[in-house]
Amino acid sequence: MKDIYIIAYAQNPILADAKAANEVELIMPVVHEVFRQTGLSQKDIDFTCSGSCDYLQGAAFAFVEGLSAIQTNPPIKESHVEMDAAWALYECMLKISSGDTESALIYGFGRSSPGNLDSIISLQTDPYYLSPLWVDRISYAALQANTLLQHGTISHDEMYDAIVESMEFAKSNPNALVSNAPSKEEYVAEQKLSTPLNKFDVAPVSDGASAMIICTKDFAKNLNLDHVKINQVCHNIESSNIGTRDLSTSTSLLDLSTKLNLTNLSVDIAELHSQYSHEIVFLKKLLGLDNTSVNASGGPLSGNVMMAAGLDCIGKTYEYLKSKDVTNGLAHATSGPCLQQNMLLHMERVK
Amino acid sequence: MIDAAVIGVGQTKYDSKRRDVSVGGLVREAIDNAMKHANVDWDAIDAVILGKAPDMFEGIMMPELSLADAIGAVGKPVLRVHTAGSVGGSTSVIAATHVTSGNFDTVLTVTFEKQSESNATWALSPKYPYSPHINAGAGGYFAPYMREYIRRYNAPENIGWIVAAKDRQNALKNPYAHLQIPNIDEKMVADTPMLWEPLRYLESCPSSDGACALVISNEKLAKGRKAAWIKGMAVRSEGTLSAGRDEVNPQGGQDCASDIYKQAGILNPKDEIDCAEIYVPFSWYEPMWLENLHFCDLGEGWKLTENGTTALDGDLPINMSGGVLSSNPIGASGMIRFGEAALQVMHQANEYQVDGAKLAMGHAYGGASQFFAMWVVGNER
Amino acid sequence: MSEEKKDHFISPISLDYNYTAGAATTRFLKKVSEGKIVGQKCPKCTAVYVPPRGSCPRCGVATEEEVELVDKGSVESFTIVHIPIPGNPIVPPYVCAMIRLEGANISFLHLIQEIDLKDIRIGMRVEAVWKDKSEWDTTLENIKWFKPSGGDDIDPSEYRFKGPE
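Summarised in this report is the structure supplied together with it.

Parameters at a glance
- Residues numbered from 1 in each chain as written.
- Chains lettered and ligands numbered in written order.
- Predicted model: local features only at pLDDT ≥ 70, side-chain atom pairs only at ≥ 80, totals over all residues.
- Helix = DSSP H or I, 4+ residues; strand = E, 2+ residues; numbered from the N terminus.
- Rg over C-alpha atoms; globule rule 2.2 N^0.38 Å.
- Buried ≥ 20, exposed ≤ 12 C-beta atoms within 10 Å, placed from the backbone.
- Contact = placed C-beta atoms within 7 Å.
- Nonpolar A, V, L, I, M, F, W, Y, C, P; charged D, E, K, R; others polar.
- Core = buried A, V, L, I, M, F, W, Y, C linked by C-beta atoms within 7 Å.
- Pairing = 2+ DSSP bridges.
- Expected span 1.5 Å × (residues − 1).
- Axes fitted to C-alpha atoms, helices over the stretch in contact; angles between N-to-C directions.
- Parallel < 35°, antiparallel > 145°, perpendicular 65-115°, else oblique.
- Bend = angle between axes of the 7 residues up to and from the residue.

### Section: the overall build of chain A
The helix and strand inventory of chain A stands at 12 helices and 12 strands. The C-alpha radius of gyration computed for chain A amounts to 19 Å, which stays within 12% of the reference 20 Å derived for 351 residues, consistent with globular compactness. Along the first, second and third principal axes, the C-alpha atoms of chain A reach 55 × 45 × 40 Å. Evaluated residue by residue, chain A yields a buried proportion of 63% over its 351 residues.

Here's what the structure looks like:
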């Protein structure tokens, strides 16, 4: 990939229920905010790409509705992934690397409040013999949590500590939806959703939208916004057949961390798309992040807008690198049951 | 920019119900055919790009997750594209962008629709409590624009019949085509019942199950072999409810076409492009798109249809394979256009080959005539 | 069990959702429930949207200013539907038309009745026929259909909005 810079990022305050807001009303504020941050307008943007998922809202063509939030006169070069917007960012990076695009706008949006997220996510699994069983997302996650506990990779105490730390961080994030940690007694007494997970272990159902602008080095330099660049990005997917996967580890993430040469990087800050407490503990160990500040934004446990949360991990890493005197950032995005599909980005503060 | 070329095209037999295969089996059928055509093995594939129209057409959310094994993506990057009806075209463009970006040597891309496993009409028209249910299907939505075209340019009503008969005659030469109607002619079309005026039954596309796959590579694999080099590719989008849009001749389609002609160094598309596969789900869209894509002046499109220019033996053959009017697995329909254009310049279109085709166009559109994807491919780099 | 070999079975998926129309459309629908049609105007290019979605995609800005429109307009284009559509109670053939209200810059689909089918044409002037007030709700179905209102046809070239200049 070419040198690609992030020059703006915006996120709506995460809500449990965005009430009457439609796609346009969710997206427009964040798009206007990234334009405000850069002084740019849609006419300065060479390529636009969004991420969303129809099943969250329960209506086909959510992205078509959302496009009305963007200026499309004259018509724009635009595309859409039915994925987390982190993959929309990836598509934009390919465009810029190709050489015909200097700047790109990315946005992701999702509303999980209109439906029952647990049932909806069941439709991600094999339609012939798995999804008819309506296995919910939390039960899949619990399968992996149990495996990790039994292998001694993680402990219940570490899971609790991860929640407490996330909530502590979330207190200084104005967009966070939740920031109150349970006491140890409350946590232990709380009814399990799927053993070993209770509601505190699970990211909250959230509504929201986020936007980002990326560009070439020269474009960023001209705006005097060449502070944070994406050094490397890679992503991959594991088998659909969960029975063939070793849930005590992640072949996907081990492969990606080798590609990023993560062991030789001194990562200062990481934002992980960890939607469950055990994933925070697991990923920290798997990726060797013991001495790294992880999920300083509060992470997905403090607010988890489906189809934007991966992009948010990248955006929060950007914000941290831009404002703090540290060099290396790591961002993670994921999709599918038990971290089936993953993306890792190594980002660097340039000045 | 790094050059990219199509080196393999794979399709399935298109049919109203492919009950002999699962969704995974359907996409794998197209993939196997594409990889066999390209003569490549799995270790050559660096990434997989999947495209399809709304998930609700099959009831499978984000199908790249449950199809990872079937599409051979395990351990590889996979991207899932959805840009409404244009998705087969835009997925081809994004797949090629993987190669032109310099990050990948060879990629596999596949698109599909298996409408028989769900109810697409239901998926497209949920009954919102606040909307009047005057929905009359896709034909009912597009028919007013066709009527406006006819009014503007005073086109005779048999133009639609000519297109419908011509594309189905072409389909008889294509064993993959869904509709195979023996002895189809203009009169047979004209005798079918009126659905949405001015559209008759046989002037409308079928609903099909099917998949299409392409293998796209840089010079490492494409050099020195039969390949369809991408000379220009582009996408354009317009907002649905935007004042001042002209849905009959959308600006997005015009800009997208001009963009690819410029990239390919084409000054006169009608003379320089040998043949085109364009997205014609309803008969009247052939003349409408001929004008939109600058193959002729405004109001002249129906005359090219009428005088036989767009027939298989005409000066500018359109939809040699039978087009969307003969096979319509929605998510794949755009990629079929792009792949058929590639087959023409590879001179592998068998019975519907246009003699000596050197430059061919693939075109797709979607939404309310608002999403466009196109490419021009050539037999030389 | 039947002896006949079955190659498939139907496994229904049922999901419940609480739909929202959006804030802009909600304001519109509340007015419709009072028998009024209120569009929204773009602060930049002045285009009037009805029904509004809350934005002007020409300019990429929110539409806030409300503009009350009359329930009269004309036919930008139309189709005569001859086939029954599943879930649609209207008996074919019927006219489905893009109605452009006076003062609006986009059209919406609605029905035209009280007309001989052969007389329908692009540019024809129409007016709304409302249901009885007791049946009004937050939906454009408060308008049963549109019917011809007489007067000179609109020149179709006037339908294209070209901006404030």
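Having seen the structure, we can now continue with the description.
### Here we look at the overall build of chain B
Helix and strand counts for chain B stand at 13 helices and 11 strands. Relative to its length of 381 residues, chain B is compact, with a C-alpha radius of gyration of 19 Å against a globular reference of 21 Å. Projected onto the principal axes, the alpha-carbon positions of chain B cover approximately 55 × 50 × 45 Å. The buried share among the 381 residues of chain B stands at 68%.

### What to know about the interface of chain A and chain B
The interface is formed by 51 residues belonging to chain A together with 50 residues belonging to chain B. Mapped onto the side of chain A that touches chain B, the elements with two or more residues apiece are α2 (54-57), α3 (62-67), β3 (78-81), α4 (85-98) and β8 (228-237) of chain A. Across the side of chain A that touches chain B, the residue classes break down as 22 nonpolar, 19 polar and 10 charged.

### Here's the deal with the interface of chain C and chain A
The partner chain A presents 20 residues to the 20 residues of chain C that form the contact. Looking at which element gives the most residues to the side of chain C that touches chain A, the answer is helix α1 (residues 23-32) of chain C, with three residues. Class assignment of the residues belonging to the side of chain C that touches chain A gives a composition of eight nonpolar, nine polar and three charged.

### A closer look at the nonpolar core
Ranked by internal contacts, the top residues of the largest apolar core, which has 295 residues, are A:Leu89, A:Ile106, A:Met212, A:Ile214 and B:Val27. Every residue in contact with A:Met212, bar those within four places of it in the chain, is listed here: A:Ile6, A:Ala8, A:Tyr9, A:Val34, A:Leu89, A:Ile106, A:Leu311 and A:Gly315.

### Quick notes on the sheet that holds strand β2 (residues 48-49) of chain C
Hydrogen bonding along the main chain pairs the strands of a sheet, whether they run parallel or antiparallel. All names here are of chain C. The sheet built from three strands is open, its strands ordered β2-β1-β5 with antiparallel pairing. Each end of this open sheet is capped by a strand with a single partner; those strands are β2 and β5 (65-69). With five bridges joining them, strand β1 (residues 37-41) and β5 adopt antiparallel strand pairing. Residue pairing for β5: glutamine 40 is matched across the bridge by glutamate 66.

### Quick word on helix α1 (residues 23-38) of chain A
An α-helix turns once per 3.6 residues; consequently, residues spaced three or four apart project the same way. Relative to the 22 Å expected for 16 residues at 1.5 Å per residue, α1(A) spans 23 Å between its end C-alpha atoms, a close match to the ideal helical length. Those residues of α1(A) that sit buried are A:Glu23, A:Val24, A:Glu25, A:Leu26, A:Ile27, A:Met28, A:Val30, A:Val31, A:Val34 and A:Phe35.

### Focus: the pairing of strand β2 (residues 47-51) of chain A
Residues and elements named next belong to chain A. Within β2, five of the five residues are buried, leaving the element largely enclosed by the surrounding structure. Residues Phe47, Cys49 and Gly51 point to one face of β2 and Thr48 and Ser50 to the other, with burial holding for every one of them. Sheet topology places β2 next to strand β4 (residues 103-111); five bridges connect them, and they run parallel. What sits directly across from phenylalanine 47, in β4, is alanine 104. Here β2 pairs with β3 via four bridges, running parallel. Bridged to threonine 48 within β3 is glutamate 78.

### Description of the pairing of strand β2 (residues 47-51) of chain B
Residue and element names in this part refer to chain B. Among the five residues in β2, five count as buried, and that is most of the element. Burial along β2 is two-sided: Ala47, Ile49 and Gly51 facing one way and Val48 and Leu50 facing the other are all buried. Looking at chain direction, β2 and strand β4 (residues 106-114) are connected through five bridges and run parallel. Opposite glycine 51, over in β4, you have threonine 111 as the bridge partner. Here β2 pairs with strand β3 (residues 78-81) via four bridges, running parallel. Considered in β3, the bridge of leucine 50 is made with arginine 80.

### What about unusual backbone geometry?
Note the cis peptide between B:Glu197 and B:Pro198, where omega equals 10°. Locating B:Pro198 in the fold gives a position in the loop between β5 (194-196) and β6 (199-200). Cis rather than trans, the peptide bond between C:Pro92 and C:Pro93 has omega equal to -5°. Here A:Asn261, not a glycine, exhibits a phi torsion of approximately 55°, which is positive.

### Re the packing of helix α2 (residues 87-100) of chain B against helix α13 (residues 330-345) of chain B
Residue and element names in this part refer to chain B. Axis separation between α2 and α13 bottoms out at 5 Å; the angle between their running directions is 60°. Considering the angle they form, α2 stands oblique to α13. When α2 is examined against α13, the residues Val87, Gly88, Gly89, Thr91 and Ser92 are found in contact with a partner set consisting of Gly331, Ala332, Ser333, Gly334, Met335, Ile336, Arg337 and Phe338.

### Things to note about helix α4 (residues 137-153) of chain B
With 17 residues, α4(B) should cover 24 Å at 1.5 Å per step; its first-to-last C-alpha distance of 26 Å lies within 8% of that length. The sharpest bend along α4(B) reaches about 30° and sits at B:Ala143, with the proline B:Pro144 one to four residues further on. α4(B) sits mainly inside the fold: 12 of its 17 residues count as buried. Buried within α4(B) are the following residues: B:Ala138, B:Gly139, B:Gly140, B:Phe142, B:Ala143, B:Pro144, B:Tyr145, B:Met146, B:Arg147, B:Glu148, B:Tyr149 and B:Ile150. Considering only its buried residues, α4(B) is in contact with β5, β6 and α10 (285-292) of chain B together with β6 (72-81) and β7 (94-101) of chain C. Of the residues flanking the end of α4(B), it is B:Asn154, one or two places downstream, whose phi is positive at about 50°.

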